[in-house]
Amino acid sequence: MSTPLYSIPGTAPAASAPEAAAPAAGARTVNEVLAKSQVEAVMDELDRDLIGLAPVKQRIRDIAALLVIDKLRANLGFAADGKHSAPSLHMCFTGNPGTGKTTVALRIAEILHRLGYVRKGHVVSVTRDDLVGQYIGHTAPKTKEVLKRAMGGVLFIDEAYYLYRPENERDYGQEAIEILLQVMENNRDDLVVILAGYKDRMDTFFKSNPGMSSRIAHHIDFPDYSSGELLQIAERMLQAQHYRFGEGAHEAFAQYLQRRMQQPHFANARSVRNALDRARLRAASRLFADRDRVLTEADLTTLMPADILASRVFQAPAS
Amino acid sequence: MMTNPTGRVTQGQFSFLPDLTDDEIRLQIEYGLRKGYAWSVEYTDDPHPRNTYWEMFGMPMFDLKDAAGVMMELAGCRKTFPNHYIRLMAFDSTRGVESIAMSFIVNRPKNEPGFGLARHEVEGRCIQYKVHSYATDKPEGERYSG
């Protein structure tokens, strides 16, 4: 094709330098890239806002460091040749419920966006229902539609292991996986896929889909929170809602956590949030019962030990 | 006298310009997406100016954020119909507009035979004119294969 006689807005004058449009053109030091992309701010936020998750944070720092160094290499012309110079950034998050997989996915999208690896930085969060169709010929357009919506951003597939149902050989999940793999490979520059799910189920999923496993560069495991970390998370959540623990309520909540963690279906931070929501309900009922009292600011923002100790877990026999 | 000396079909936007490159198409798509339009891909091998409704290639694409999705669909359509007319259309769903806001041709057959003007004499020696596309002399699907 002949080159046009007019200039195209948004493209660099040299047609052979698409990297020039990236945010960190011409930077020579790590600091310059960081300053231009503001990725440091997101990473600090990640450190500050998310409690625990040390291995996850370390891995994200590693990935961010690689991307920054890659950017510097590209500026000096050391980019890998060919069309797919960008490193593969597809990830898999495994961990128990409530360990922050979705939250971290949102942050990752922002980091990748600041570094210019995804163009728009939005997150499209889907589950099996959004990808797999109900009859023959329904799956491919449905999956493609989701993929097209996610392009320029991050596709977050929650509970990805449901895509593959070995017990039903006529299940359409396999078709969705094949299209997913094809786009993950061919449109690597256009979108980043993050799979999330429980550790053991994801392991069996990858065992039956080796192609998927090998196309995902980063397998990140989210550890469970310790009780101390959960307490910190609870404090954070209350702070965000303008509540606080009253006298003795902190200890009561620590006891609550001790007991709740022994019980089945404990979902880490999500259980903490639910427990706090229930405590707020009880606090509201307590204040509601006393109709003639003038309620001060402290009354309205404080959770008392009684609100927490009324929980079901304290009534259950400690067996 | 030739009114359209390049012999190219001129329908929609940019049709008097040289063909848009993929980068230029991408920029137009980005512009439409920023405006909140939904893009769709259509094709035909009957370029008559009154042929308004072309065949849809897949569904219209709503809720896209990036041009890559539309470009992927366009690449698929070009692969399937390399010798058809392909156009991109942007649908504006704003209440009160609810119609196509942009439309331009992104793929053309290698050679476009153009149109003839047929004259038909009726009662009272009145003349009725008819625009006739030479391509449609052949059956559908074979029009631009040669």
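Residues numbered from 1 in each chain as written. Chains lettered and ligands numbered in written order. Predicted model: local features only at pLDDT ≥ 70, side-chain atom pairs only at ≥ 80, totals over all residues.

Engineer: Even after reading the chapter, I still don't get the overall build of chain B, so can you show me in this structure?
Structural biologist: On a plain count of helices and strands, chain B comes out with two helices and six strands. What you see in chain B, going N to C, is helices and strands ordered as α-β-β-α-β-β-β-β. Taken over the C-alpha atoms alone, chain B extends approximately 60 × 40 × 25 Å along its principal axes. Counting only contacts in chain B whose residues sit at least 6 apart along the sequence, the fraction spanning at least 24 positions is 53%. (Helix = DSSP H or I, 4+ residues; strand = E, 2+ residues; numbered from the N terminus. Contact = placed C-beta atoms within 7 Å.)

Engineer: Can you walk me through the overall build of chain A in this structure?
Structural biologist: Assigned secondary structure in chain A consists of 15 helices and seven strands. A burial count over chain A gives 34% of its 319 residues as buried. (Buried ≥ 20, exposed ≤ 12 C-beta atoms within 10 Å, placed from the backbone.)

Engineer: Could you clarify how one ought to interpret the interface of chain B and chain A in this entry?
Structural biologist: For an interface, size is often stated in terms of accessible area lost upon the parts coming together. Facing 15 residues of chain B, the contacting portion of chain A comprises 17 residues. Residue classes in the side of chain B that touches chain A are distributed as seven nonpolar, three polar and five charged. (Nonpolar A, V, L, I, M, F, W, Y, C, P; charged D, E, K, R; others polar.)

Engineer: Would you explain the confidence of the model for chain B in this entry?
Structural biologist: Interpreting fine coordinate detail is not advised for predicted regions of low pLDDT. Model confidence for chain B is summarised by a mean pLDDT of 90, while 96% of its residues fall at 70 or above. For this predicted complex, the interface score ipTM comes out at 0.84, while the overall pTM is 0.81. (pLDDT = per-residue confidence, 0-100.)

Engineer: It is not clear to me how the sheet that holds strand 3 (residues 85-92) of chain B should be interpreted in this structure. Could you clarify?
Structural biologist: In a beta sheet, neighbouring strands pair by backbone hydrogen bonds and run either parallel or antiparallel. Residue and element names in this part refer to chain B. Read from one edge of the open sheet, four strands run 2-1-3-4, paired in antiparallel fashion. Looking at strand neighbours, the two that pair on one side only are strand 2 (55-61) and strand 4 (99-107), the edges of this open sheet. Direction aside, neighbouring strands of the sheet carry axes that sit 20° apart on average. Across the sheet, helix 2 (residues 68-80) lies against strand 1 (38-44), strand 2, strand 3 and strand 4, angled at about 165° from strand 2, the strand it touches most. (Pairing = 2+ DSSP bridges. Axes fitted to C-alpha atoms, helices over the stretch in contact; angles between N-to-C directions.)

Engineer: Sorry if this is basic, but what is going on with the environment of Val 154 of chain A here?
Structural biologist: Residue and element names in this part refer to chain A. Within the secondary structure, Val 154 sits in strand 3 (residues 154-157). Accessibility expressed as a C-beta count within 10 Å gives 26 for Val 154, which makes it buried. Each residue touching Val 154, except ones within four places of it in the same chain, is listed here: Ala 105, Ile 108, Ala 109, Val 118, Val 123, Val 192 and Ile 194.

Engineer: Would you mind showing me how to read unusual backbone geometry here?
Structural biologist: A negative phi angle is the norm for most residues apart from glycine, just as the trans form is the norm for most peptide bonds. Within the chain, Glu 159 of chain A stands out as a residue other than glycine whose phi angle is a positive 50°. Among the secondary structure elements, Glu 159 of chain A is positioned in the loop between strand 3 and helix 7 (173-186). A count of 16 C-beta atoms within 10 Å places Glu 159 of chain A in the partly exposed class. One non-glycine residue, Asp 63 of chain B, lies in positive phi territory at about 65°. Mapped onto the secondary structure, Asp 63 of chain B falls in the loop between strand 2 and helix 2.

Engineer: Looking at this model, I keep getting lost on the pairing of strand 1 (residues 91-95) of chain A. Mind explaining?
Structural biologist: Regular strands place their side chains on alternate faces of the sheet. Residue and element names in this part refer to chain A. For strand 1, a buried count of five out of five residues is recorded, marking the element as mostly surrounded by other parts of the structure. Across the two faces of strand 1 the burial is the same, with Met 91, Phe 93 and Gly 95 and Cys 92 and Thr 94 all buried. With four bridges connecting them, strand 1 and strand 4 (residues 192-197) associate as parallel partners. Counted as the bridge partner of Thr 94 is Gly 197 from strand 4. In this sheet, strand 5 (residues 218-222) lies alongside strand 1 in parallel orientation, the contact comprising five bridges. Along strand 5, the bridge assignment pairs Cys 92 with His 219.

Engineer: Where do I start with helix 11 (residues 249-262) of chain A in this structure?
Structural biologist: An α-helical turn contains 3.6 residues, so any two residues separated by three or four positions project in the same direction. Residues and elements named next belong to chain A. Between the first and last C-alpha of helix 11 there are 20 Å, a value that for 14 residues agrees with the 20 Å anticipated at 1.5 Å per step. Those residues of helix 11 not exposed but buried are Ala 249, Ala 252, Phe 253, Tyr 256, Leu 257 and Arg 260. All buried residues of helix 11 lie within an arc of 145° about the axis, which places them on one face of the element. What points out from helix 11, more than 90 degrees from its buried face, is the exposed set Glu 251, Gln 258 and Gln 262. At its buried positions, helix 11 is contacted by helix 10 (227-240), strand 6 (244-245), helix 12 (268-289), strand 7 (302-303), helix 14 (305-309) and helix 15 (312-315). (Expected span 1.5 Å × (residues − 1). Arc of directions from axis to C-beta.)

Engineer: Honestly, the nonpolar core in this entry has me stumped. Any pointers?
Structural biologist: The nonpolar side chains of a soluble globular protein tend to be buried, and buried together. Residues and elements named next belong to chain A. Core analysis: the biggest nonpolar cluster contains 81 residues, and Phe 93, Ala 105, Val 154, Leu 155, Phe 156, Val 193 and Ile 194 have the highest contact counts within it. Aside from chain neighbours lying at most four places away, what touches Ile 194 is Met 91, Phe 93, Ala 105, Val 154 and Phe 156. Within the second largest apolar cluster, 19 residues are counted, among which are Phe 245, Leu 276, Leu 303 and Ile 308. (Core = buried A, V, L, I, M, F, W, Y, C linked by C-beta atoms within 7 Å.)

Engineer: It is not clear to me how the sheet that holds strand 2 (residues 123-126) of chain A should be interpreted in this structure. Could you clarify?
Structural biologist: All names here are of chain A. Across the sheet, five strands lie side by side as 2-3-4-1-5; this open sheet has parallel pairing. What marks the edges here is a single partner per strand, and that holds for strand 2 and strand 5. Between one strand axis and the next, the sheet turns by 20° as a mean value, whatever way the strands run. Looking at chain direction, strand 3 and strand 4 are connected through four bridges and run parallel. Bridging across to strand 4, Val 154 finds its partner in Val 192.

Engineer: How should the packing of helix 2 (residues 39-49) of chain A against helix 3 (residues 54-75) of chain A be read in this particular structure?
Structural biologist: Geometry of a packed helix pair, given as the angle between the helix axes and the separation of the axes. All names here are of chain A. At their nearest, the axes of helix 2 and helix 3 sit 11 Å apart, and the two run at 175° to each other. One element, helix 2, and the other, helix 3, form an angle in the roughly antiparallel class. Two secondary-structure elements touch here, helix 2 through Val 39, Met 43, Leu 46 and Asp 47 and helix 3 through Lys 57, Ile 60, Arg 61 and Ala 64. Tallied by class, the residues present in the contact of helix 2 with helix 3 amount to five nonpolar, no polar and three charged. (Parallel < 35°, antiparallel > 145°, perpendicular 65-115°, else oblique.)

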